[in-house]
Amino acid sequence: MTPSTAHLSVEDVERIGAELEAIRDEVMSSLGEADARYIRRVIRSQRGFEIAGRALLLGALFPPAFLLGTASLGVAKILENMEIGHNVLHGQWDWMRDPEIHSTTWEWDHVSTAASWQQTHNYLHHTYTNVHGKDRDIGYNVLRVDPDQPWHPQYLFQTVTNLGLALIFEWGIAAFDLELDEVADGRATWADKMPEIKKMARKAGKQALKDYVVFPALSGPSFVPAALGGLLANTIRNVWSHAVIFCGHFPVEVETFDEERLENESQAEWYVRQMLGSANLEGSPLLHLMTGNLSHQIEHHLFPDMPSNRYAQVAPKIRDLCRRYGLPYHAGPMWKQYGGVLWKIARLSLPGGHATIEKRQRRALPIGRDAVATLRRLRDRVSPAAA
């Protein structure tokens, strides 16, 4: 029970769950050739941008070729990680039964291995979204993004830590996926972790060799600027993916939950938790594409295995459902969402923050909350007489 859901009865929550199941079933039963053409078209486009970027960087000694090549390669890496890799690894395209576009075979352009990322992201994060003690994505073990996280002096510098994390985000995620905090806590030993460390080291080595040695070497005298172009393209991808992910998970309005929330949690209650713990970005179709449709973070958390090109279709239905049941639907332009995230990180670098964050969360509750609660009470009074 939170301020966002205090007006809901058990029956309300179950009705919400049933509506969401119906929305999901309608979309998943209609998947077909148009959807398959979409993802194949995105993959072709991504590969085109990568080929163009690599080719232009062969002449990286010339500033126009360097700038265009770096930009094209950066776009390719964003598309591969966001709209393709992330979503393929969620199993969104497994229904096609295409062995080349399948969650069990895809290995993305990222230093983190697909298997380790699927464990920490697909399972831990999506199952236990925003639950303290279960969802390790709350602050990624380096940031205080919720007032219920105990404050430590290291958080005084977290505005700088966050900037550094954005620049090396793929490396931060890879290290996070190793769950090395288990060694520090005594829950695992270095020997336990060594197999995963070796797998990640091999993957990271291949990525570094590809971006900073093999392709730059093909450019001959342009080796150094070509390698720099690869580094900048990876940085562009890192900063962008960091911003998108933080806007979807850490705005001031999103809620976190105690572990007791999981006790006997129904599927319908899980759905409600996903909606309260996520936030959307509003923008153009191009923005949605470049975010991997994680601009529809609420819909993604509700239906992580639904093809991402369908989120725009179901988003108005989810927003309307939230309106009808008096639930918040957190959405806003990227500048506003990211600005709120940066403010939150700065505020929580200092002790406390409970009152300030809770006040802003209450302001985000839907107008008409009292009317929704009143309608429910009236309905409950009428129901026995009708029976």
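Cut-off values and rules
Residues numbered from 1 in each chain as written. Predicted model: local features only at pLDDT ≥ 70, side-chain atom pairs only at ≥ 80, totals over all residues. Heavy atoms only, no water. Helix = DSSP H or I, 4+ residues; strand = E, 2+ residues; numbered from the N terminus. Rg over C-alpha atoms; globule rule 2.2 N^0.38 Å. Buried < 20%, exposed > 50% of the residue type's maximum accessible area, 1.4 Å probe, protein only. Contact = heavy atoms within 4.5 Å. Areas by Shrake-Rupley, 256 points an atom, 1.4 Å probe, with all protein chains shown as cover. Lys, Arg positive; Asp, Glu negative; His and termini not counted. Charge placed at Lys NZ, Arg CZ, Asp CG, Glu CD. Axes fitted to C-alpha atoms, helices over the stretch in contact; angles between N-to-C directions. Parallel < 35°, antiparallel > 145°, perpendicular 65-115°, else oblique. Left-handed = near helix turned anticlockwise from the far one by under 90°. Nonpolar A, V, L, I, M, F, W, Y, C, P; charged D, E, K, R; others polar. Disulfide = S-S within 2.5 Å. Core = buried A, V, L, I, M, F, W, Y, C linked by side-chain atoms within 4.5 Å.

Caption draft 1: Examining the overall build of the chain more closely. Per the secondary structure count, the chain includes 16 helices and two strands. Relative to the compact-globule value of 21 Å for 387 residues, the chain shows a C-alpha radius of gyration of 22 Å, a close match. Referenced to the eigenvectors of the C-alpha coordinate spread, the extents of the chain come out at roughly 85 × 55 × 40 Å. Considering the chain as a whole, with its 387 residues, one finds that 51% of them fall into the buried category. Excluding contacts between residues fewer than 6 apart, the proportion of contacts in the chain whose partners are at least 24 apart in sequence is 71%. About 17,800 Å² of surface is accessible on the chain, with carbon and sulfur atoms providing 63% of the total. Taken as two groups, the 41 positive and 45 negative side-chain charges of the chain have centres that lie 4 Å from each other.

Caption draft 2: Just unusual backbone geometry, in detail. A positive phi angle, close to 55°, is found at Glu179, a residue other than glycine. Tracing the sequence through the fold places Glu179 in the loop between α6 (169–177) and α7 (181–184). With a phi close to 60°, Asn293 is a non-glycine residue in the positive phi region. Note on placement: Asn293 falls in the loop between α11 (285–290) and α12 (297–302). Residue Asn293 is classed as buried on the basis of its relative accessible area of 6%.

Caption draft 3: Region of interest: helix α10 (residues 267–276). The buried fraction of α10 amounts to eight of the ten residues, a majority that puts the element mostly inside the structure. Looking only at α10, the buried set comprises Ala268, Trp270, Tyr271, Val272, Arg273, Gln274, Met275 and Leu276.

Caption draft 4: Structural view of the packing of helix α3 (residues 63–89) against helix α9 (residues 223–249). As a packed pair, α3 and α9 sit with axes 8 Å apart at the nearest point and diverge in direction by 40°. In this view, α3 runs oblique relative to α9, as classed from their interaxial angle. The two elements α3 and α9 cross, and the hand of that crossing is right-handed. On the side of α3, the interface is formed by Phe66, Thr70, Leu73, Gly74, Lys77, Ile78, Asn81 and Met82, while α9 contributes Pro225, Leu228, Gly229, Gly230, Leu232, Ala233, Asn234, Ile236, Arg237, Trp240, Ser241 and Val244. Along the lines of polarity and charge, the residues of the contact of α3 with α9 split into eleven nonpolar, seven polar and two charged.

Caption draft 5: Structural detail: the packing of helix α5 (residues 158–167) against helix α14 (residues 334–347). Between α5 and α14, the least distance of the axes is 8 Å, while the angle of their chain directions is 135°. Taken as axis vectors, α5 and α14 run oblique relative to one another. In contact with Gln158, Thr159 and Asn162 of α5, α14 contributes Leu342, Ile345 and Ala346. Looking at the contact of α5 with α14, its residues break down into three nonpolar, three polar and no charged.

Caption draft 6: Molecular detail of the state of the cysteines. Counted under the stated rule, the structure contains zero disulfides. Sulfur of Cys247: no disulfide; nearest cysteine sulfur belongs to Cys322 and is 19 Å away. A residue is classified by how much of its surface remains accessible, and Cys247, at 0% relative accessible area, is buried. We classify Cys322 as buried; its relative accessible area is 1%.

Caption draft 7: A look at the nonpolar core. With 30 residues, the main nonpolar core has Ile16, Leu20, Met275, Leu302, Phe303, Ile318 and Leu327 as its most contacted residues. Apart from residues no more than four positions distant in its own chain, Leu20 is found in contact with Tyr271, Met275, Leu302, Phe303, Ile318 and Leu321. Trp93, Ile138, Leu165 and Phe246 belong to the second-largest nonpolar core, a separate cluster that totals 28 residues.

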